[in-house]
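What the coordinates show
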Amino acid sequence: MEARDADFKKELDATLQARKDLGEEYESAFVDSFLEKIEQRVDTAVDRRVRRQLAEHQMVVARGSSPDRSAERWGERFGFAMISMILAIPLSAIGAAHGDEFGLAVTWLGIVGVNAVHSSGPWSLRALWSRWTGREEQGHGPGDGRRRTSDWAA
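So, here is what we can say about the structure in this document. (Residues numbered from 1 in each chain as written. Predicted model: local features only at pLDDT ≥ 70, side-chain atom pairs only at ≥ 80, totals over all residues. Heavy atoms only, no water.)

**Thoughts on the overall build of the chain**
Here is the rule: Strands are runs of DSSP state E lasting at least two residues, helices are runs of H or I lasting at least four, and both sets are numbered from the N terminus onward. What makes two residues a contact is simply this: any of their non-hydrogen atoms within 4.5 Å. Using a 1.4 Å probe, accessible areas were evaluated by the Shrake-Rupley method; residue-level cover was limited to the displayed protein chains.
A count of helical and extended segments in the chain gives five helices and zero strands. The secondary structure elements of the chain, listed N-terminal to C-terminal, are α-α-α-α-α. In the chain, of all internal contacts separated by at least 6 residues, the share reaching a separation of at least 24 is 39%. Accessible surface for the chain amounts to roughly 12400 Å². Of this, 61% is attributable to carbon and sulfur atoms.

Okay, here's the thing in structure tokens:
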């Protein structure tokens, strides 16, 4: 990483020195040239990362195991927890109004229980929804729930 930073610094110094030597009338050309070099470096780095991730994904698929979905799963759990906390406010008020401390405790036990089951289970909301509706998770199979013209005739 430091070698690339040193090359970057050399190019920037050379660009600034050339600007001093040739004057401000060439400034836009120097800036454009320098930005093109930066864009090429960024494109190269992004291409390298994309190729590496694609190769890793292909290796996982070739091995027959499923790709790691921990980041996607974390976002789903976080979203579910945030919705639970938003809904906890009115639910707490209703529970406390109708059952005092006992109602409030039951409400919060329910909220905590639902979040615990959701975060510890081997399922996702998408999978649960597909099981409940009878649709496949990808939405592209025979059980995807879409009506076809042949279905209307029956």
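From this point, the discussion proceeds with the structure in view.
**Focus on the environment of A81**
Mapped onto the elements of the fold, A81 is located in helix α3 (residues 70-120). Residues A81 and N115 lie 34 residues apart in sequence; the distance between their C-alpha atoms is 6.6 Å.

**Examining the side chain of S92**
Following the sequence through the fold, S92 ends up in helix α3. Residues contacting S92, with those up to four places away along its chain left out, are L104, T107 and W108.

**Overview of the pattern of salt bridges**
For clarity, the threshold we go by: A side-chain nitrogen of Lys or Arg and a carboxyl oxygen of Asp or Glu constitute a salt bridge if their distance falls within 4 Å. Buried means the residue's accessible area, taken with a 1.4 Å probe over protein chains only, is under 20% of the maximum for its type, while exposed means over 50%, and partly exposed covers the values in between.
Under the counting rule described, the total for this entry stands at two salt bridges. When the shortest N-O distance is used, the salt bridge between K9 and D13 registers 3.3 Å. Remark: D13 and K9 occur in helix α1 (residues 2-22); sequence separation between them is four residues, near one turn of the helix. Judged by relative accessible area, D13 falls into the partly exposed class, the value being 38%.

**Some thoughts on a positive patch on the surface**
Worth spelling out the cut-off: For patch building, the residue pool is restricted to those with more than 30% relative accessible area and no salt bridge; the joining distance is 9 Å between like charges and 5 Å between nonpolar side chains (Val, Leu, Ile, Met, Phe, Trp, Tyr). Working convention for charge: Lys and Arg count positive, Asp and Glu count negative, and His plus the chain ends are omitted. We put the charge of a Lys on NZ, of an Arg on CZ, of an Asp on CG and of a Glu on CD.
Residues R48, R49, R51 and R52 make up a contiguous surface patch of positive charge. Here R48 shows up in helix α2 (residues 27-63). By relative accessible area, R48 is classed as partly exposed at 43%.

**Thoughts on a nonpolar patch on the surface**
Among the surface-exposed residues, W74, F78, M82, M85, L104, W108 and V112 lie close enough to one another that they form a single nonpolar patch of about 660 Å² accessible area. One can find V112 in helix α3.

**A short note on the side chain of T15**
The topology assignment puts T15 in helix α1. We classify T15 as buried; its relative accessible area is 15%. Setting aside residues up to four positions removed in sequence, T15 forms contacts with F30 and F34.

**Overview of unusual backbone geometry**
The backbone of D100 sits at a positive phi, close to 55°, despite the residue not being glycine. With respect to the helices, strands and loops of the structure, D100 is situated in helix α3. D100 sits in the exposed class, given a relative accessible area of 52%.

**Points about a negative patch on the surface**
Taken together, the side chains of D32, E36, E39, D43 and D47 make up a negatively charged region of the molecular surface. Assignment of secondary structure puts E36 in helix α2.

This is a description of form; function is not addressed.
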